[in-house]
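The primary structure of each chain is shown beneath.
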Amino acid sequence: MGTVRAPNLPCTEQDPGGQPPAMCFWPQNTECLIQEGPDAKDSSPIISLADQDGTVVPASLQSPSNVDPSKDFIRCLPPHLSMYILGLLDQKSLNACAAVSRCWAFLAKEVDRERVCQSVVQENILYLQGLCPRGAVSNYAKTVDVMIPQLNEEGDVIEVKGHELGSKTKEKEDNLQAAYHDLQTDTIQLEERNVFCGSYNIRVFTDQSDQSRIIHYSGGNLVAVGSADRKVRLLGMSGMKEVPPLLSGHAGSIKALFLNEKNGFVLSASFDLSIRCWNIYSGACVKIFNGHCGTVTCLDLHEEQFVSGARDGMVKVWNLESGKCLKTLKHNSAVWVVKMDGTRVVSGCDRGLVKVWRADTGALIKTLEGHQGPVKCLSFDQWHLVTGSTDGYALGWSMLGNLKRCLIAFRHPKEVLSLEFLYLRVISGCADGKIRIFNYLTGSCLKVLMANSRGDPISSFYVAENRMVINTPTSLLMFQFEDVRWDYTLAADREMVGKKNQRNGTSSRTRLRLRRAQRPDLSWLHRLALETEDADQLPLSGWARCQSPKRCEASQSTTYTTPASLSKMS
C-alpha cells in the first residue's frame, strides 16, 4: 500500500457504458490511498484519514453507487470537508442529499448529529454561564462620592468662568465626572452595587412563541401577561402556570400592563384606546379610563396616580381613585415610554426626544436631545436618568435643574428595548438577545446575560429583589439570582484579568490596546472574548461631552474594537 499526493492532477476513468472517459481533478493537498500490486482490484479513491481525528466513512459505504465515481467529488474528499460542505445546506436540501447514495446518507446523518451536539453544547453554555460568573465581583458594594452639578436659584447650572478644556490636566478622565469639567459641582454619597452579577437559575414560564406578548412584574408571586387575544392572564411564580381569574373585556389587543399585586389590581391598556383597572382576585373591571385618541402604548404608577402615553402624542396623568385625568402633556409624535415619581414625569417619543415635566403643574422642565431613533425605554432616580433607543445607545443624563448635557453613552450592537437603573448600575435589554449590566460611573460592562441561544430580542424585562423576569418573542423566563451578602470592603468591582500589573478596575479597552501593541496575531482577540464570557463585554460604552450618539461614535472610532470589526479583521 502506498500514499500518492495528487494536487490538481487530471485523471481519467473509462465509463462502464463505453462512453468517453470523464475528466476530474483532485482537490489540492488531498491524499488518496491507491491499492498497488497484485491484490489491487479497484482504482477508485478511498479517503485517507491519516490527518483526521473525527468521522470515518465505513468501507462498506465506499462501494460504487448510481453516481459516477469520477463525478462524485463528495466521496473523494476527506470526511471533514464533505461534512462541512453538506453542513452549509438547509435541512430540506440535506435530506435530499441523503438519498443520493449510502455514502452521502452516512455523511448527512453525521451532519445532523453534529448539529444536535452543537445545540446541546450551546444550551449548556447558557446554563453554566449563570453558575460560573467571571469578571464582575458579584458581591461588590461601596458608598461612593458622586459629583452633581450646582444649581442657582433659577435652577440653572453654574459654569466655571475662564475654564478651558484640558487646561488643568492633559490626562483624559474616562468616567462620569469628566462630563462636569466646566461646571461647578457638589458631591453626594450614593451606594453602588454589582446587582445581578452573581449566579442564577433559569425557570421557564412558557416557551410558546408570541410576538405580541406584553408582561409586567413588580415583585411578589404573580406576572401579568397580555397579548393579541385581548385578555389579561396571571401567571403564578410557585407553579409556573396560569392562575385564575382570566381578565376579559377589552375590544383590542393588550399593549401595556402595570401590576400592583400588593394592592390587588392591574392596569391594562389596549388597542381599543381605553385603560382598564381590574381586581386580580375577583376578575372584575373596577374602572375604565378614556381620553386618548390613539393606541395606549405605556403605563406607570406612583401611589394614587398613574400616567399613560399613547400614539396620539399625549401623556396623561390620572387619579386612580376618581378616574379623572389631572394633566395632559404633549409630544409631537407617538409616545413609547413614560415613567413618573412623586415630583416628575419623564417621557420618550418616536422623534428621539425625552421630556421631563413637573408632575404637579405639568410644566415642562427640559427637553433632552441626543437620540437618533425612537426612545423605547427609560429609568431614573432623584439624581440621574438613563434612556434607551432604537439607535443602539443608552444615554445618561442628569435629572437636576435644566442641565441638558448628555453625560455618558453606552453603545449596543442593536436596539435598546428595555432599561433599569439600580444602585448606579445600568441594566439594558437589547434586540441582540442579551442583557448587559454597566457601571454608570465608569461606563464599563460588568456582565452579559443571554436569555436564549437563538438571539431573540429582549422585548422587556422587570427586576424585583433577586428576580429578573424576561420576555422575548419566543419565551417567558425568570432568572432567580442567588442571595448576596454585600461586601463594602472590596477595592474594585471587577476581578483581575490578564496581566498581574493590571488594576482590578482597569477597563478592557486599555487591556485591548496594550495586548494589541505586543502581539499582532489576532487569534488572542478570540481568546479574550472567551475569557470575558462574551465578545460584547469588549467595551461598548462611550464617554459623553457629546450631544448625540453620532459624536460619541466618532470619538470612539480610534479607541474601540467591536466584535463585528474583529470578525472582519480575522
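In case you missed it, the structure is sitting above this.
Just so you know, these numbers come straight off a predicted model, no measurement behind them.

Caption draft 1: Region of interest: the overall build of the protein. In terms of regular secondary structure, the protein is built from eight helices and 36 strands. A total of 570 residues make up the protein; the buried ones form 50% of that total. For the protein, long-range pairs separated by at least 24 residues make up 53% of all intrachain contacts whose partners lie at least 6 apart in sequence. A total of about 27800 Å² of accessible surface is found on the protein, and carbon and sulfur atoms cover 50% of it.

Caption draft 2: Highlighting the sheet that holds strand β22 (residues 344-349). Strand order in the open sheet formed by four strands is β21-β22-β23-β24, with antiparallel pairing between adjacent strands. Across the chains shown, the open sheet's two edge strands, defined by having one partner strand only, are β21 (335-340) and β24 (364-368). Taken over all neighbouring pairs, the strand axes of this sheet differ in orientation by 15° on average, direction set aside. Pairing analysis gives five bridges linking β21 to β22, with the strands arranged antiparallel. By the bridge assignment, K339 is partnered in β22 with V346.

Caption draft 3: Fine view of a nonpolar patch on the surface. A surface patch of nonpolar side chains, about 450 Å² in accessible area, is lined by F73, Y84, I85 and L88. Within the secondary structure, F73 sits in helix α1 (residues 73-76). A relative accessible area of 48% places F73 in the partly exposed class.

Caption draft 4: Representation of the nonpolar core. Among the nonpolar cores identified, the biggest contains 28 residues, and L424, V426 and Y440 are the most heavily contacted of them. Contributions of two or more residues to this core are made by β6 (141-149), β7 (185-193), β28 (406-411), β29 (416-422) and β32 (445-450). Each residue touching L424, except ones within four places of it in the same chain, is listed here: V144, V146, L190, E191, E192, H384, F438, N439, Y440 and L441. If you look at the next biggest cluster of nonpolar residues, it comprises 19 residues, including V195, I435, I437 and M468.

Caption draft 5: Fine view of the packing of aromatic side chains. Within this structure, the stated rule accounts for 10 aromatic pairs. Relative to F479, the ring of Y200 lies with its centre 4.6 Å away and its plane at 15°, an arrangement referred to as stacked. Residue Y200 is located in strand β8 (residues 200-206), and its partner F479 is located in strand β35 (residues 475-481); the two are separated by 279 residues in the primary sequence. With respect to burial, Y200 and F479 carry one shared label: buried. With a centroid separation of 5.0 Å and an interplanar angle of 65°, the aromatic rings of F421 and Y440 are classed as edge-to-face.

Caption draft 6: Broad picture of the sheet that holds strand β9 (residues 214-216). Taken together, the four strands give an open sheet; going across it, the order is β9-β10-β11-β12, and neighbouring strands pair in antiparallel fashion. Because the sheet does not close on itself, it has two edges, and the strands there are β9 and β12 (241-248). Across the sheet, the axes of successive neighbouring strands diverge by a mean angle of 25°, strand direction being ignored.

Caption draft 7: Fine view of helix α2 (residues 79-87). Those residues of α2 that fall on the buried side of the exposure criterion are P79, S82, M83 and L86. The buried residues of α2 occupy one face: seen down the axis, they fall within an arc of 95°.

Caption draft 8: Representation of the pairing of strand β13 (residues 254-260). Across the seven residues of β13, six count as buried, placing the element largely inside the fold. Of the pairings in the sheet, the one linking β13 to strand β14 (residues 265-270) comprises six bridges and is antiparallel in character. Among the inter-strand pairings, F258 is bridged to a residue of β14, identified as L267. The loop that links β13 with its antiparallel partner β14 comprises four residues; one of these, G264, has a positive phi angle of about 80°.

Caption draft 9: Up close: the side chain of S389. Looking at where S389 falls in the secondary structure, it is placed in strand β26 (residues 384-389). By relative accessible area, which is 0% here, S389 ends up buried. Side-chain polar atoms of S389 contact the backbone oxygen of G373, separated by 3.0 Å. Here the side chain of S389 touches D391 through a polar contact of 3.1 Å, landing on its backbone nitrogen. Excluding anything up to four places from it in sequence, S389 contacts H371, G373, P374, V375, K376, E415 and V416.

Caption draft 10: View of the pattern of salt bridges. Following the criterion strictly, the structure yields 12 salt bridges and no others. Residues R425 and E192 are paired through a salt bridge, measuring 3.0 Å at the closest nitrogen-oxygen approach. Here E192 lies in strand β7 and R425 lies in strand β30 (residues 425-430), a separation of 233 residues in the sequence. Residue classification places R425 among the buried residues on the basis of a relative accessible area of 0%.

Caption draft 11: Fine view of the environment of E191. Tracing the sequence through the fold places E191 in strand β7. A relative accessible area of 26% means that E191 is categorised as partly exposed. Here the alpha-carbon distance between E191 and D145, two residues 46 residues apart in the chain, equals 8.9 Å. Polar contacts involving the side chain of E191 include one to the side chain of Y488, which spans 2.2 Å.

Caption draft 12: Main features of unusual backbone geometry. The omega angle of the peptide bond from P244 to P245 is 5°, so this bond is cis rather than trans. Relative to the elements of secondary structure, P245 occurs in strand β12. Here the phi dihedral of L424 falls at roughly 60°; this positive angle occurs in a residue that is not glycine. Its identity as a non-glycine residue notwithstanding, E465 has a phi of 55°, on the positive side. Within the secondary structure, E465 is located in the loop between β33 (460-464) and β34 (467-472). A residue is classified by how much of its surface remains accessible, and E465, at 79% relative accessible area, is exposed.

Caption draft 13: Highlighting the environment of V111. Within the element layout of this structure, V111 appears in helix α4 (residues 102-131). Put simply, V111 and G87 are 24 residues apart on the chain and 6.0 Å apart in space, counted from C-alpha to C-alpha. When sequence neighbours within four positions are dropped, the list of residues in contact with V111 reads M83, L86, G87 and L94.

Caption draft 14: Seen up close, the state of the cysteines. Inspection of the entire model under this criterion finds zero disulfides. C277 supplies the cysteine sulfur nearest to C285, a cysteine that is in no disulfide, at a spacing of 7.6 Å. Owing to a relative accessible area of 30%, C285 belongs among the partly exposed residues under this scheme.

Conventions and cut-offs
Residues numbered from 1 in each chain as written. Predicted model: local features only at pLDDT ≥ 70, side-chain atom pairs only at ≥ 80, totals over all residues. Heavy atoms only, no water. Helix = DSSP H or I, 4+ residues; strand = E, 2+ residues; numbered from the N terminus. Buried < 20%, exposed > 50% of the residue type's maximum accessible area, 1.4 Å probe, protein only. Contact = heavy atoms within 4.5 Å. Areas by Shrake-Rupley, 256 points an atom, 1.4 Å probe, with all protein chains shown as cover. Pairing = 2+ DSSP bridges. Axes fitted to C-alpha atoms, helices over the stretch in contact; angles between N-to-C directions. Patch = residues over 30% accessible without salt bridge, like charges linked within 9 Å, V, L, I, M, F, W, Y side chains within 5 Å. Salt bridge = Lys/Arg side-chain N within 4 Å of Asp/Glu carboxyl O. Core = buried A, V, L, I, M, F, W, Y, C linked by side-chain atoms within 4.5 Å. Phe/Tyr/Trp six-rings, centres within 6.5 Å; stacked < 30°, edge-to-face > 60°. Arc of directions from axis to C-beta. Polar contact = N/O pair within 3.5 Å; in protein donor to acceptor, adjacent residues only side chain to side chain. Disulfide = S-S within 2.5 Å.

Don't take any of this as a statement about function, it's just geometry.
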